[in-house]
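Listed below, chain by chain, are the residues.
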Amino acid sequence: MTVAVDASRDTLRDTSEDTFRDPAGALYFDGACVFRSVRPAFAAATEAFLNSALAQQWIEQGKLVATQIETRHADGSLKLQHRRIHFPSYPWEWSPAQWIAAGRLTLELCEQALGSGLILKDATPLNVLFDGAQPVFVDVLSFDPLDAGNPIWLAYGQFVRTFLLPLAAHKYLGWPLAGALERRDGYEPADLYPYLPVMRRATSPLRSLVTIPYLLEGKTKGTAPTKRPKLPPEVAVALLRRTLHNLRRALDQLAPSPRVSRWSHYTTTASHYSAADNEQKAAFVERALAEARPRSLLDVGGNTGHYSRIAVAAGASVVALDTDVQATAKNWQTANAKKEPILPLIADIARPTPAVGWRNRESRGLLDRSTGAFDTVLMLGVIHHLLLVDQVPLPAIFDLVRQLTTRWALIEWVPATDSQFVQLCRGRQELYGHLDEKQFLATAEAHFQISDHARLPNGRSLWLFERHTPPEASAP
Amino acid sequence: MQRACRLLLIVLGVFQVLVLFLAAEKPAYAYADPGSGLLLLQIASSTVAGALFILRARLRKLFRLDKSKASEVPDIQP
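For the rest of this paragraph, the subject is the sheet that holds strand S2 (residues 33–38) of chain A. Residues and elements named next belong to chain A. Taken in spatial order, the four strands line up as S1-S2-S4-S3 in an open sheet, and their pairing is antiparallel. Whereas interior strands pair on both sides, the edge strands pair on one side only; in this sheet they are strand S1 (25–30) and strand S3 (67–72). When the angles between neighbouring strand axes are averaged without regard to direction, this sheet yields 30 degrees. The sheet contact formed by S3 and strand S4 (residues 78–82) spans five bridges and is antiparallel. Opposite Ile 69, over in S4, you have Leu 80 as the bridge partner. In the packing of helix H2 (residues 40–51) onto the sheet, the strands contacted are S2, S3 and S4, and the crossing angle to S4 comes to about 40 degrees.

Shown next, in the form of structure tokens:
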């Protein structure tokens, strides 16, 4: 908020807080609960916002995270409690379509906020999480009272740097969106400019997102005006709406054209599966999940989400991981359109998303977030990739599975004679050819007992394992 | 002559908005880095658009195109 610069931010900070940049307050976790502390100078405005019809409407629509005032402290500060989102995810794990959905939500809320005399003070994808496949704005302290008469949206630059330029770099230069992991504040126009072809620099949308700002930067050498302009308030609001409208148009222009990848049509093109294999596999997964009754399931190698949807039908909330951008995008689009409780993320379980940020504590790693969060892990058509491509030994794979699930694991075993196994083995039969189902089961026994299994006509087998140890405290 | 008048009105509009922009009262605090080139572009683009808004509102008022909305700023929402 712009009313005051809180000097106490640096001196009175509680070191247990997980976020620290916002002068208005900080987010922290206590067990399974998510809290936000609000500093005294910002308490009244925050409370007024949370009680406003607009915030209540957004919460009902699922656009803003449900938040209640937990405590009003004597010093004037507030403690808020947020509804916990099933699985926190980061922009570097999202498909392009998820980035665009998060950007649209940010602009939509900012636009609607103008009507209530509010404006977003920051605009980064880190303010958005996905609840299932639906984007939810989670930073309730981002809404500032509108500075009447000021037509400049101070978060404009941040929106361009953190939403539009990564999307532009992805669409036109093929830079992965996962690069956002290394760029907390996105890309500067100067980061993209040298790599863009002349025509791209000269045309919309990059002319105004990259070229002109880049040339202006060169002229001003950072001496940008820091004064507040004053216009008639209605003109200022009209200009802000115009700015948001232009950003929305640029966002739409940066949606990548759909591409076919190796995995995006896998379920219909996999030749090592006959119709009978597929049918029996789906029937077993249904049966096993009816037994496991999962509440929270991690689908490793989820592809376009065929089996995630069977898990949803069995009552689970699903996080589906896949390394393929196109397959994940397709899965998310379906889940988003049907409002299914599936969160598709781009992630490699063999190289899990690391913890990043200040002291590696700002954004949690994938395994840290996953531990204890799932009662069931689904690993269909994955184990031979971990064994042969990532060269991870079987006992290490089962150690990980045990860490990921509090109770059940449904794993497909792929024998050494399988066409995919042979293809991935690529002449390394001496190293891996001896791996068989017997060894697979013997290794599993260290942590799991067999609860059910099925054999498919193509030689593969499916196993429902249950952990030896009693289930831990139920997943959040 | 009419074209010259129109041009003069536009120039005056731009000048007025520019003056308003420069006649700032107090420093703005930004929590998010507003950038330099991106901020300047936004200011430039808003200045031109602001001038056009004011101009359009004035012309409407002048010609009383729409009496009920003569004092309002036109809504530019898509």
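With that settled, consider helix H12 (residues 306–313) of chain A. Working note: α-helix, 3.6 residues per turn, so residues spaced by three or four point in the same direction. Residues and elements named next belong to chain A. By the burial criterion, the buried members of H12 are Tyr 307, Ser 308, Arg 309, Ile 310 and Ala 311. Buried residues belonging to H12 abut helix H11 (275–292), strand S9 (296–300), strand S10 (317–322), helix H13 (325–337), strand S11 (342–346) and strand S12 (376–379). Immediately downstream of H12, the backbone of Gly 315 shows phi near 105 degrees, a positive value.

Before going further, it helps to examine the pairing of strand S6 (residues 128–131) of chain A. Residues and elements named next belong to chain A. With four bridges joining them, S6 and strand S7 (residues 134–137) adopt antiparallel strand pairing. In the strand pairing of S7, Asp 131 is matched with Gln 134. Counted between consecutive antiparallel strands, the loop separating S6 from S7 contains two residues, among which Gly 132 sits at a positive phi close to 65 degrees.

The subject of this paragraph is the pattern of salt bridges. All names here are of chain A. Tallied over the full model, the rule gives 20 salt bridges over all chains. One salt bridge in this structure joins Lys 63 and Glu 108, with 2.5 Å as the shortest N-O distance. Of this pair, Lys 63 sits in the loop between helix H3 (53–61) and S3 while Glu 108 sits in helix H4 (residues 96–115); the two residues are 45 residues apart in sequence, bridging distant segments of the chain. Residue Asp 252 pairs with Arg 248 through a salt bridge whose shortest N-O separation is 3.2 Å.

Further remarks concern the sheet that holds S12(A). Residue and element names in this part refer to chain A. Taken together, seven strands build an open sheet; the order of strands is S11-S10-S9-S12-S13-S15-S14 and the sheet is mixed. Edge positions in the open sheet fall to S11 and strand S14 (448–455), since each of these has one partner strand only. Going across the sheet, the axis of each strand differs from the next one's by a mean of 20 degrees, ignoring polarity. Two strands pair when backbone bridges link them, and S9 and S12 are joined in this way by four bridges, in the parallel orientation. Across the sheet, Leu 298 pairs through a bridge with Val 377, a residue of S12. Lying on the sheet, helix H19 (residues 437–444) is in contact with strand S13 (408–413), S14 and strand S15 (461–467); it crosses S15 at an angle near 15 degrees.

We now examine the packing of aromatic side chains. Aromatic rings considered in pairs are described by the distance between their centres and by the relative angle of their planes. Residues and elements named next belong to chain A. Per the counting criterion, the structure on display carries 22 aromatic pairs over all chains. Summarising the aromatic geometry, the rings of Phe 130 and Trp 332 are spaced 6.1 Å apart at their centres and angled 85 degrees between planes, so their arrangement reads as edge-to-face. With Phe 130 in strand S6 and Trp 332 in helix H13, this residue pair connects regions lying 202 residues apart in the sequence. The same class applies to Phe 130 and to Trp 332, which are both buried. What links up through ring pairs into an aromatic cluster is the set Phe 398, Trp 413, Phe 440, Phe 448, Trp 463 and Phe 465. Here Lys 79 stacks its cationic end above the ring of Phe 35, 4.3 Å away from the centre of that ring. Positioned above the aromatic ring of Tyr 193, the side-chain terminus of Arg 201 is 4.0 Å from the ring centre.

With that settled, the discussion passes to unusual backbone geometry. Residue and element names in this part refer to chain A. The linkage connecting Ser 204 with the following residue, Pro 205, adopts the cis geometry, with an omega of 5 degrees. Looking at the element boundaries, Pro 205 is found in the loop between helix H7 (198–202) and helix H8 (206–220). Of note, the phi angle at Lys 339 is positive, near 55 degrees, even though the residue is not glycine. Its place among the elements puts Lys 339 in the loop between H13 and S11. The residue Asn 360 is not glycine, and still its phi comes out positive at about 55 degrees. Along the polypeptide, Asn 360 turns up in the loop between S11 and helix H14 (366–370).

Reading the values: the criteria
Residues numbered from 1 in each chain as written. Chains lettered and ligands numbered in written order. Predicted model: local features only at pLDDT ≥ 70, side-chain atom pairs only at ≥ 80, totals over all residues. Heavy atoms only, no water. Pairing = 2+ DSSP bridges. Helix = DSSP H or I, 4+ residues; strand = E, 2+ residues; numbered from the N terminus. Axes fitted to C-alpha atoms, helices over the stretch in contact; angles between N-to-C directions. Contact = heavy atoms within 4.5 Å. Buried < 20%, exposed > 50% of the residue type's maximum accessible area, 1.4 Å probe, protein only. Salt bridge = Lys/Arg side-chain N within 4 Å of Asp/Glu carboxyl O. Phe/Tyr/Trp six-rings, centres within 6.5 Å; stacked < 30°, edge-to-face > 60°. Lys NZ or Arg CZ within 6 Å of the ring centre and 35° of its normal.

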